[in-house]
Amino acid sequence: MAAIILTLPLPAQAGDITSAYTKIDPSDCMVFTTADAANGVPRQAVCPGYGGYPVLILTTADRESVYYGFPPHGEFISRWVSFSAPNRMGGTIEWRVLTEGDRSVPVAAIQRWFIDDPNHSEAAVEVLVVRKVGQIEEWRGCILGYVVATGNADANQKAREIADAKAHENDCRIIDVAIEEGARPLPSITLYGYD
């Protein structure tokens, strides 16, 4: 399963963080379980990401949760993080890639989400979700921030700034999740499996 890299930055200097982009192509994803709504089991799939890093996706009938990188303790996905309202993820992932010498490592991922809003049925709320990428030696990835893109002209840049500022944090339990709202508030979040 080869990652589809849309654009790559120019060669970076040591310690630089730059962007690379991949697409989620369902034909490249491997499905582990199909959804079983009666028993609360979501569809589970793994897709190729950047540079061999996996993208793990949980899907119910109307909501999705994504984990980037290597999950804790080798689990598939033990924790659900999604919006409470029906939602869907965008097909493009922006990876923030740290280059040090000859090594390039994705440290954060940014992806656009579309969340249904019963108060504005004509258009979904768009939110950029910023997540720390789980590294194979750390086995930990988590939410770093949310940027409401609807009515927020600088949303992409704000998401990158959150990613670059917070991705170095080692302990997800103490990360203060950043929230940048636009013309509409951040939709409510559902967490499952967190202590």
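Whatever comes next refers back to the structure up there.
Just so it is clear, the structure is predicted and the values come from calculations on it, not from any experiment.

Participant: Would you mind showing me how to read the state of the cysteines here?
Facilitator: Note on terminology: a disulfide is the covalent bond linking the sulfur atoms of two cysteines. For the structure shown, the criterion picks out two disulfides. Bridging Cys29 to Cys47, the disulfide has an S-S length of 2.0 Å. In this structure the cystine formed by Cys29 and Cys47 twists about its S-S bond by roughly 110°; its chirality is therefore right-handed. With a gap of 18 residues between them, Cys29 in the loop between β1 (16-23) and β2 (30-33) and Cys47 in strand β3 (residues 43-48) connect regions that are remote in the sequence. Between the sulfur atoms of Cys142 and its disulfide partner Cys172 the distance amounts to 2.1 Å. Judged by the sign of its S-S torsion, about -80°, the bond between Cys142 and Cys172 is left-handed. Within this pair, whereas Cys142 is found in the loop between β9 (125-132) and β10 (143-148), its partner Cys172 is found in the loop between α1 (155-166) and β11 (178-180), the two being separated by 30 residues in sequence. Each member of the pair Cys142 and Cys172 is classed as buried.

Here is what the cut-offs are and how they apply
Residues numbered from 1 in each chain as written. Predicted model: local features only at pLDDT ≥ 70, side-chain atom pairs only at ≥ 80, totals over all residues. Heavy atoms only, no water. Disulfide = S-S within 2.5 Å. Helix = DSSP H or I, 4+ residues; strand = E, 2+ residues; numbered from the N terminus. Buried < 20%, exposed > 50% of the residue type's maximum accessible area, 1.4 Å probe, protein only.

Geometric descriptors of this kind do not, in isolation, establish any biological role.
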